[in-house]
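Observations on the three-dimensional arrangement
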Amino acid sequence: MKNNIKKLTKHIKFAGLALFFVSILASCAKMDDYKNFIGDGEISYTGKLDSVKINSGRYRVVLNGLFLADPKVKKCVVYWNNKADSVVIPVTRTANVDTLKLSITNIKEGVQNFIIYTYDDKGNKSIPVYKTGRVYGDRYQATLSNRGINGAFTSETNVTTIEWGGMDRVSGVFATELIYIDNSNVEKKVRIPIDVNNYTVPNFKEKGTIKYRTLFLPDTMSVDTFYTEYTSMYIPKFSKVDITATYLKNVGPGIVASSMSGTRWGILRDWVTSASVKNASGTVGGFENKSGGVISLEAGWGLPNVTDGKIYQTITLPEGNYRFEIVMTDFNTGGSRYLAVAEGTTLPNVANITSQSIAFSNLESKMLNFTLDANKQVSLGFAATLTGSGSTGMYAKIPSVKLYRINYL
């Protein structure tokens, strides 16, 4: 046992001695690096570039930085691509803080690491500044798609409205650019923010064609905007015929319930209401005795969450073009909420609305346009997933709905 202890002690002493020499060697290496900045026994390195920011762009970056107190700086060198590429910037200092803004072009797409040095006229350089930047190009461009249009019509009163489809904000989308001809035969170009769902085209020349493309910023630091290709679309003029009474029941104003539990919540008459919507007392929901009676979707404030909630009617419609419109004056945002029409006797779950519906739109748009290519049995109404808690929630109150047949002029 004593021999083992002696051997272990020797190993520990040897390891400690080895670590000591490694530390000395590392210190010597650092001293060698340090000596690169020393001339005639005195420190002689230049002041580094300060407050450096790298803005992303299309096959480029824009480098921003400040030259502060050091008047000796004569040039700045930026390296990237493992120092295989570089650019040299002459610097003329003033008595003030000087600004560097440099666009570096023809850079490969992807993440790039930059090393920045400043030099004086004797060749003394600063300590390095390391910065990372992202470059975007064709790979990012290939992921972009033009914003969809759910419907675009000129009404009988010559009001032209475009109903835009939704888009995933993660892509960097922020606007759509629209080009059209007005009634004076003048070409107009407007930029429509991505959060606008319904846009009225000012003074649109009826039965004309629009062109539109979608704009993206890949990140908040990007100096370049990416665009999709233009898409062209003819906008017809139409008349609409109210066919609500022929096909739908209990449409308001004055929605009614088939049964109540208490004085506030009930079950809608003539509408199919899924179980998750019936979240008041576990038995009723979908109807609220408010403003004369409304179709209600609500979660929170004591009501459980609504998951894949559906309220709809199943009807048979002939071939043609249709518009489902709602009045919704009392609602907030959040959750996933749709107007939808689907073939058959039910609506898809919320996650499948986009893929299994004949047509859909965001509930906030208050309008759904759809076309049937043959006589079909369809389900038409609302699908939503809403969440809430004891003090907050999500809701939408719909006092009336309309169904129109659209005839193009």
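Data block above holds the structure.
The following paragraphs examine the structure supplied in this document. Per chain, the residues get numbers from 1 upward, laid out in the order the sequence is written. Reporting of local features is limited, given that this is a predicted model, to residues whose pLDDT is at least 70; pairs of side-chain atoms are given and counted only at 80 or more, and all residues count toward the totals for whole chains, interfaces and linings. Side-chain metrics in this entry use all non-hydrogen atoms of the structure; hydrogen atoms and water are not considered.

Secondary structure elements are defined from DSSP: runs of H or I of at least 4 residues count as helices, runs of E of at least 2 residues count as strands, and each element is numbered from the N terminus. For the protein, the count of helices and strands is four helices and 32 strands. For the exposure calls, accessible area comes from a 1.4 Å probe over protein chains only, and a residue counts as buried if that area is under 20% of its type's maximum, exposed if over 50%, partly exposed in between. Considering the protein as a whole, with its 409 residues, one finds that 44% of them fall into the buried category. Partitioning the intrachain contacts of the protein with sequence separation of at least 6 by distance along the chain shows that 68% fall at a separation of at least 24. Note that accessible areas follow from Shrake-Rupley with a 1.4 Å probe, and for residues the cover is restricted to the protein chains shown. Per element, the accessible surface of the protein, about 21,500 Å² overall, is 52% carbon and sulfur. Throughout, a residue-residue contact means that at least one pair of heavy atoms, one from each residue, lies within 4.5 Å.

In this section: the nonpolar core. Membership of the largest hydrophobic core comes to 36 residues, with the highest contact counts inside it found for I295, F324, I326, F370, F382, V401 and L403. Residue assignment for this core shows that the elements contributing at least two residues are β23 (294-300), β24 (306-317), β25 (320-327), β27 (336-343), β29 (367-372), β30 (376-386), β31 (393-398) and β32 (400-408). In contact with F324, not counting residues within four places along its chain, are L248, L339, K366, M367, L368, F370, L380, G381, F382, V401, K402 and L403. One finds V61, W80, L100 and F114 within the second-largest nonpolar core, a separate group that totals 20 residues. Residues belong to a common nonpolar core when they are buried Ala, Val, Leu, Ile, Met, Phe, Trp, Tyr or Cys residues joined through side-chain atoms within 4.5 Å.

Before going further, it helps to spend a moment on the sheet that holds β31. Pairing between strands is defined by DSSP: at least two bridges between them are needed. Taking strand neighbours across the sheet as the criterion, the six strands line up as β19-β20-β22-β23-β31-β26 in an open arrangement whose pairing is antiparallel. In the strand order of this sheet, the two ends are held by β19 (257-261) and β26 (330-331), each with one partner. Here β26 pairs with β31 via two bridges, running antiparallel. Among the inter-strand pairings, F331 is bridged to a residue of β31, identified as A396.

On to the environment of G302, then. The topology assignment puts G302 in the loop between β23 and β24. On the basis of relative accessibility, which here comes to 66%, the residue G302 falls in the exposed class. In the structure, G302 is positioned 21 residues away from S281 in sequence and 9.9 Å away in space, judged by C-alpha atoms. Residues contacting G302, with those up to four places away along its chain left out, are S389 and G390.

It is worth spelling out the sheet that holds β32 at this point. Two pairing modes exist for strands in a sheet, parallel and antiparallel, and in both the strands are linked by backbone hydrogen bonds. Taken together, four strands build an open sheet; the order of strands is β18-β32-β25-β29 and the sheet is antiparallel. Bordering the open sheet on either side are β18 (238-242) and β29, each of which pairs with just one other strand. This sheet shows a mean twist of 30° between the axes of neighbouring strands, independent of strand direction. Alignment of β18 against β32, held across five bridges, turns out to be antiparallel. In the sheet register, V241 faces β32, and the bridge partner there is R405. Orientation is described by lines fitted to C-alpha atoms, with helices fitted over the stretch in contact, and by angles between N-to-C directions that extend from 0 to 180 degrees.

Quick look at the pairing of strand β13 (residues 187-193) now. Judged from the seven bridges that link them, strand β12 (residues 173-181) and β13 form a sheet pairing that is antiparallel. What sits directly across from Y180, in β13, is K188. Linkage of β12 to β13, two consecutive antiparallel strands, is achieved through a turn of five residues, within which N185 is found at a positive phi near 60°.

The next point concerns the side chain of Q112. Assignment of secondary structure puts Q112 in strand β8 (residues 110-119). At 3.4 Å, the side chain of Q112 forms a polar contact with the backbone oxygen of K108. Setting aside chain neighbours within four positions, we find Q112 in contact with W80, N81, I107, K131, T132, G133 and V135. Here a polar contact means two N or O atoms within 3.5 Å. Within protein one must be a hydrogen donor candidate and the other an acceptor candidate, and residues neighboring in sequence count only if both atoms are side-chain atoms.

Attention now goes to the side chain of E163. Of note, E163 is situated in strand β11 (residues 160-164). Within this scheme the basic residues Lys and Arg register as positive and the acidic residues Asp and Glu register as negative, but His and the chain ends are omitted. For this document, the term salt bridge refers to a Lys or Arg side-chain nitrogen within 4 Å of an Asp or Glu carboxyl oxygen. Although buried, E163 forms no salt bridge, and the nearest oppositely charged side chain, R323, lies 6.3 Å from it. Engagement of the side chain of E163 in a polar contact is seen with the side chain of N369, the distance being 3.2 Å.

Per the counting criterion, the structure on display carries 18 salt bridges. Put simply, R93 and D98 hold a salt bridge, and the shortest N to O gap is 2.5 Å. On the basis of relative accessibility, which here comes to 15%, the residue R93 falls in the buried class. When its relative accessible area of 12% is taken as the criterion, D98 is described as buried. Here E206 and K237 are joined by a salt bridge, their closest N and O atoms 3.3 Å apart.

Attention now goes to the packing of aromatic side chains. A pair of Phe, Tyr and Trp rings is counted when the ring centres sit within 6.5 Å of each other, with Trp represented by its six-membered ring. The angle between the planes then sorts it: under 30 degrees is stacked, over 60 is edge-to-face, the rest tilted. Throughout the structure, instances matching the rule amount to 14 aromatic pairs. Each ring, one from F153 and one from Y408, has its centre 5.9 Å from the other, and the planes form 15°; the classification is stacked. In this pair, F153 sits in strand β10 (residues 149-154) while Y408 sits in strand β32, placing the two residues 255 residues apart along the sequence. You can call F153 buried: its relative accessible area is 10%. The rings of Y79, Y117 and Y119 are connected pair by pair, giving a single aromatic cluster. Cation placement over rings: the criterion is NZ of Lys or CZ of Arg within 6 Å of the ring centroid and within 35° of the ring normal. One Lys or Arg, K75, reaches over the ring of Y119 and ends 4.9 Å from the middle of that ring. For the cation-ring pair, K83 lies above Y79, with the distance from its terminal atom to the ring centre recorded as 5.1 Å.

Our next topic: the pairing of β29. In terms of burial, β29 is a largely internal element, five of the six residues being buried. Both β25 and β29 contribute to a ladder of six bridges, which runs antiparallel. Among the inter-strand pairings, R323 is bridged to a residue of β29, identified as N369.

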